Amino acid sequence: MKFLDEAKVYVRSGDGGNGCVSFRREKFIEFGGPNGGDGGKGGDVIAMAVDGLNTLIDYRYQQHFTAQNGRAGMGKDRHGANGVDAVLKVPAGTQIYEEDGETLLADLAEAGQRAVLARGGNGGFGNAHFKSSTNRAPRHANPGQPGAEFTIRLRLKLIADAGIVGSPNAGKSTLLAAVSAAKPKIADYPFTTLHPQLGVVDVDGREFALADIPGLIEGAHDGVGLGDRFLGHVERCRVLLHLVDGTGGDAGAAYQTVRTELSAYGHGLAEKPEILALNKADAMTEDAIKEQVALLKRAAKKPPLVVSAVSGMGVPDVLRALFKVIEQARRAAAVPSAADAAWHP
Ligand SMILES: Nc1nc2c(ncn2[C@@H]2O[C@H](COP(=O)(O)OP(=O)(O)OP(=O)(O)O)[C@@H](O)[C@H]2O)c(=O)[nH]1
Ligand SMILES: [Mg+2]
């Protein structure tokens, strides 16, 4: 399946139906009075997050969403039918912006959440509505109100608990493939991964979602390589796994390059908890490992875990370290603070 994480969509809510001017006319009934019904309400445009979608690819094929107009009111006090809503089904993690791409309209982080993007116009009142003691035969009705039309932008940010960052070729995809059922493309050239991949990892019987994103190189924040736009997908992660290739020159320098890009991107990425791992230990001598560990320690001010995504060496420790942070964050999110408890005795 193709992956698409940005889309532009044109939406239009329905117009309200017009109110009706009508009078009761029946044999033997004098002064029948006004009986024009109200118009129906126009349909809304609604966005809804659903399970089972991982991409916005559907919005490449359908870019116009129009809700139905309300029907006009009719005689004999008949109300016009309301217009049917137009519903945009989006994957959980989709943010909806105005056309400028900056003003957030809705943030649908979880399946089941919904947001009304454009309200349908109200139907107009029929003349029956305007009957009063002083005006028993009103000859006017309201027109329906128009719906709204505008362009919106959808932006998907994958919801993963942990995200793997690192230089191209660090072995990010190899690791994801080793620990989950995901089947990312793996090859010994940079930028094998062109768009993010998600996998579900099992640690000691508990699960978390792990995202693999394209590699970062110096200048990514200026668009070098694949740029840094995919970093949006790790913005919501609770923890980052920073993977460094032990066979690719100075590990400390490689670490620093990626850290610089994370800082330049902003959005709190540089402040996220980070688990650091030196990869490809299977292809290194003992001395080389020692040397790279020392370089990394100096650059990161913490010792790295030493792993091999290919042989699996050290990988369970990495997963446990990630899960520890995730679990803490999950607990913190689930347990209300003492201050909350005081407000809801
Ligand atoms: N010896 C050894 N090779 C590895 C290990 N992990 C990955 N590789 C190799 O390194 C190369 C790059 O691996 P990928 O998993 O594609 O690297 P990546 O970080 O996803 O790269 P991009 O997607 O380009 O950013 C492949 O040839 C892998 O087989 C490891 O632990 N040991
Ligand atoms: Mg990759």
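This text goes with the structure placed above it.
Note that the structure is predicted; figures quoted are calculated from it, not measured.

Quick notes on the rules
- Residues numbered from 1 in each chain as written.
- Chains lettered and ligands numbered in written order.
- Predicted model: local features only at pLDDT ≥ 70, side-chain atom pairs only at ≥ 80, totals over all residues.
- Heavy atoms only, no water.
- Helix = DSSP H or I, 4+ residues; strand = E, 2+ residues; numbered from the N terminus.
- Buried < 20%, exposed > 50% of the residue type's maximum accessible area, 1.4 Å probe, protein only.
- Contact = heavy atoms within 4.5 Å.
- Patch = residues over 30% accessible without salt bridge, like charges linked within 9 Å, V, L, I, M, F, W, Y side chains within 5 Å.
- Areas by Shrake-Rupley, 256 points an atom, 1.4 Å probe, with all protein chains shown as cover.
- Salt bridge = Lys/Arg side-chain N within 4 Å of Asp/Glu carboxyl O.
- Lys, Arg positive; Asp, Glu negative; His and termini not counted.
- Charge placed at Lys NZ, Arg CZ, Asp CG, Glu CD.
- Pairing = 2+ DSSP bridges.
- Axes fitted to C-alpha atoms, helices over the stretch in contact; angles between N-to-C directions.
- 1 Å grid on protein atoms, 1.4 Å probe; cavity = no way out; pocket = protein on both sides within 12 Å on 5 of 7 lines; lining within 4 Å.
- Points joined across faces, edges and corners; volume = space filled by probe spheres on them.
- Donors = N, O, S within 2.8 Å, 3.2 Å for Na, K, Ca; no water.
- Phe/Tyr/Trp six-rings, centres within 6.5 Å; stacked < 30°, edge-to-face > 60°.
- Lys NZ or Arg CZ within 6 Å of the ring centre and 35° of its normal.
- Core = buried A, V, L, I, M, F, W, Y, C linked by side-chain atoms within 4.5 Å.

Once that is clear, we can look at the environment of Arg 136. Secondary-structure assignment places Arg 136 in the loop between β7 (114–118) and β8 (149–156). Owing to a relative accessible area of 64%, Arg 136 belongs among the exposed residues under this scheme. Here the alpha-carbon distance between Arg 136 and Leu 105, two residues 31 residues apart in the chain, equals 46 Å. When neighbours within four sequence positions are excluded, Arg 136 is seen to be in contact with Pro 34 and Lys 131.

Another point: unusual backbone geometry. Phi at Lys 76 is positive, roughly 55°, even though this residue is not glycine. Tracing the sequence through the fold places Lys 76 in the loop between β3 (64–66) and β4 (86–91). On the basis of relative accessibility, which here comes to 68%, the residue Lys 76 falls in the exposed class. The backbone phi angle of His 267 is positive, close to 55°, even though this residue is not glycine. Residue class for His 267 comes out exposed when judged on its relative accessible area of 54%.

All right, on to a negative patch on the surface then. A contiguous patch of negative charge on the surface is contributed by Glu 98, Glu 99, Asp 100 and Glu 102. Its location among the elements puts Glu 102 in the loop between β5 (94–98) and β6 (104–108).

Here we come to the sheet that holds strand β1 (residues 6–12). Pairing is mixed in the open sheet, where five strands are placed in the order β3-β1-β8-β5-β6. The open sheet has two edge strands, β3 and β6, and neither has a second partner. This sheet shows a mean twist of 25° between the axes of neighbouring strands, independent of strand direction. Where β5 meets β6, four bridges bridge the pair, whose relative direction is antiparallel. What sits directly across from Tyr 97, in β6, is Leu 104.

Now for the layout of surface pockets. Taken as a whole, the second largest pocket holds about 300 Å³ of empty space. If you trace the second largest pocket, you find 25 residues lining it, with Asn 169, Ala 170, Gly 171, Thr 174 and Ala 187 closest to the centre. Top element by residues in the lining of the second largest pocket is helix α2 (residues 172–179). It accounts for three residues.

Attention shifts here to the coordination of the magnesium ion (ligand 2). The coordination sphere of the magnesium ion (ligand 2), as far as protein atoms go, consists of Ser 173 (OG) and Thr 193 (OG1), spread over 1.9 to 2.0 Å. Here Ser 173, found in helix α2, pairs with Thr 193, found in the loop between α2 and β10 (197–203); they are 20 residues apart in sequence, far enough to count as distant. Its relative accessible area of 10% is what places Thr 193 among the buried residues.

Moving on: the packing of aromatic side chains. Counted by the stated rule, this structure contains three aromatic pairs. Where Tyr 59 meets Phe 65, the ring centres are 5.6 Å apart and the plane angle is 45°; that geometry is what we call tilted. On the basis of relative accessible area, Tyr 59 is assigned to the buried category, the value being 5%. A centroid spacing of 6.4 Å and a plane angle of 80° characterise the contact between Phe 125 and Phe 130, whose relative ring orientation is edge-to-face. You can call Phe 125 partly exposed: its relative accessible area is 35%. Given the relative accessible area of 23%, Phe 130 is considered partly exposed. Directly above the aromatic system of Tyr 97 lies the positively charged group of Arg 155, at a separation of 4.5 Å from the ring centroid.

Let us now look at the nonpolar core. Residues Phe 208, Leu 210, Leu 241 and Leu 322 are the most contacted members of the largest nonpolar core, which totals 25 residues. The set of elements that each furnish at least two residues to this core consists of β9 (162–166), α2, β10, β11 (206–212), β12 (239–245), β13 (274–279) and α5 (315–334). With near-sequence residues (within four places) excluded, Leu 210 lies in contact with Ala 160, Ala 162, Gly 163, Ile 164, Leu 176, Val 179, Gln 197, Leu 198, Gly 199 and Val 201. Among the nonpolar cores identified, the runner-up in size contains 23 residues, and Val 11, Ala 106, Ala 118 and Leu 158 belong to it.

Purely geometric numbers; function is a separate question.
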